[in-house]
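Structural description and commentary
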Amino acid sequence: MGSDVIREEKIEGRGLTSHTMIAGDPKNPAILLLHGAGPGAHAASNWRHLMPDLAENFFVIAPDLIGFGQSTIPDPFPDNVMAWIGVRVEQCLGLIDALEIDSAHIVGNSMGGALTLQLLSETPERFDKVILMGSIGAPAPRTPELVRLLSFYSDPRPARYRQLMHSFAYDADKFEGMEEIVSSRYQIATDPAVMSIASKMIDSMKVGIETLAMPPSILGKLPHDVLIFHGRQDRIVPLDTSLYLLEHLQHAELYVLDRSGHWSQLERWDIMRPMLERHFGARDWTTA
């Protein structure tokens, strides 16, 4: 099944318009894919390559989260990191409302992981099984690479952006398609129409990213089955974040993937795909 199975739509819900990639049969169990942050981030760069695989068994939904990609920016736009997360909570709930989905599986990567945890804590009944990948949402020191990510718009030159993107991978020199990712995401990150908002949004994370840490008193109440992936060589988000989530979630398993940086879904999809499909109950696993 190729990338031609993916369609792109503008979907409105709760007063917010989401540019959304969709694949698969709507009659199948739904999976909501939530991408991470960073200059030039959007749903396609995170998820396009794996959506055809997932569409064999699931109805797959991947929005550009508000503030990224082509989703509509609210006016006035949020002025702090928690407000951005709050808008994205409403975006995600409005999206599954519009698609008439009562309950969905959910995958959260990096900042999308913090968003996932907030969604679970506010509306646990709307989500079934959960996967977190290199997720933030835990107290952790800032890595040097994360500091450079958050300061990108202070010096948005191509060479610096290339260094930033290379730091996401375990071995950037052997990462297939790396230069294409660098080029396409840099064009998005430095589009004048994007920069005016994105620079302020990223700046809000400089002073507020710690507020996204979910306290044990909330994590311990979440009833969901959570599968956590973390790249052993993740230079952006330290492994300690996933260890914290493992400690405090009720039902969680952690898999540390060797030869993987912050892009486990791109570098180790061979390992992740069968585990994800088993966790979400794909037909090939449930009938085996």
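Along each chain, the written sequence defines residue order, and numbers are assigned to residues from 1. For this predicted model, a pLDDT threshold of at least 70 governs which residues receive local features, and a threshold of 80 or more governs which side-chain atom pairs are given and counted, while totals over whole chains, interfaces and linings are taken from all residues. Values shown for side chains rest on all heavy atoms present in the structure; no hydrogens or waters enter the calculation.

Going by an unreviewed UniProt entry, the protein carries the name 2-hydroxy-6-oxo-6-phenylhexa-2,4-dienoate hydrolase and comes from Sphingopyxis lindanitolerans.

Points about the layout of surface pockets
Rule in force here: Points on a 1 Å grid, built from protein atoms alone, make a cavity when a 1.4 Å probe fits but cannot get out and make a pocket when they are open with protein on both sides within 12 Å along at least 5 of 7 lines; residues with an atom within 4 Å of a point are the lining residues. Grid points are joined across faces, edges and corners, and a volume is the space filled by probe spheres set on the points. Put simply, DSSP marks the helices as runs of H or I at least four residues long and the strands as runs of E at least two long, and each gets a number from the N terminus on. Nonpolar residues are Ala, Val, Leu, Ile, Met, Phe, Trp, Tyr, Cys and Pro. Charged residues are Asp, Glu, Lys and Arg, and all others, Gly as well, are polar.
Of the voids in this model, the largest pocket is the one considered here, and its volume is about 700 Å³. Sorting the residues of the lining of the largest pocket by element identifies strand S2 (16-23), helix H1 (43-47), helix H7 (178-189) and helix H8 (192-208) as the ones contributing at least two each. Ranked by residues supplied to the lining of the largest pocket, first place goes to H7 with five residues. Of the residues assigned to the lining of the largest pocket, the class counts are 14 nonpolar, ten polar and seven charged. Empty space within the second largest pocket amounts to approximately 190 Å³.

Side note on the nonpolar core
To keep it simple, the criterion reads: What is meant by a nonpolar core is a set of buried Ala, Val, Leu, Ile, Met, Phe, Trp, Tyr and Cys residues, joined one to another through side-chain atoms within 4.5 Å. For each residue, the accessible area found with a 1.4 Å probe, counting protein chains only, is set against the maximum for its type, and the residue is called buried under 20%, exposed over 50%, and partly exposed in between. Note on definitions: a residue-residue contact is assigned when non-hydrogen atoms from the two residues lie within 4.5 Å.
Of all hydrophobic cores here, the largest spans 72 residues; its most connected members are Leu-32 and Leu-119. Looking at which element gives the most residues to this core, the answer is helix H3 (residues 81-98), with nine residues. Among residues more than four places away in sequence, those in contact with Leu-119 are Leu-34, Val-89, Cys-92, Leu-93, Ile-106, Pro-124 and Phe-127. In terms of nonpolar packing, the next biggest core, distinct from the first, is built from 25 residues, Phe-58, Met-133, Leu-257 and Met-272 among them.

Comments concerning the UniProt feature "domain: AB hydrolase-1" (unreviewed entry) in the protein
For clarity, the cut-off: UniProt positions are given in the numbering used here, feature names are shortened, and annotations may be inferred rather than shown by experiment.
As annotated in UniProt, the feature "domain: AB hydrolase-1" (unreviewed entry) corresponds to residues 31-270 in the numbering used here. Taken end to end, residues 31-270 is 43% helix and 15% strand, and its two terminal C-alpha atoms sit 19 Å from one another.

Concerning the packing of aromatic side chains
Cut-off, in case you're wondering: Two rings from Phe, Tyr or Trp (for Trp, the six-membered ring) form a pair when their centres are within 6.5 Å of each other. A pair whose planes differ by under 30 degrees is stacked, one over 60 is edge-to-face, and the rest are tilted.
Across all of its chains, the model carries eight aromatic pairs by this definition. Ring plane angle 80° and centroid distance 6.2 Å describe the contact between Phe-58 and Phe-280, whose orientation is recorded as edge-to-face. With Phe-58 in the loop between helix H2 (51-54) and strand S4 (59-63) and Phe-280 in helix H12 (residues 269-280), the pair connects residues that are 222 residues apart, well separated along the chain. Of the two residues examined, Phe-58 and Phe-280, each falls in the buried class. Their ring planes at 50° and their centres at 5.5 Å tell us that Phe-175 and Trp-263 sit as a pair that is tilted. With Phe-175 in the loop between helix H6 (158-166) and H7 and Trp-263 in the loop between strand S8 (251-257) and helix H11 (264-267), this residue pair connects regions lying 88 residues apart in the sequence. Overall, Trp-263 belongs to the buried group, its relative accessible area being 2%. Members of the aromatic cluster, each reached through a chain of ring pairs, are Phe-152, Tyr-153, Tyr-161 and Tyr-186.

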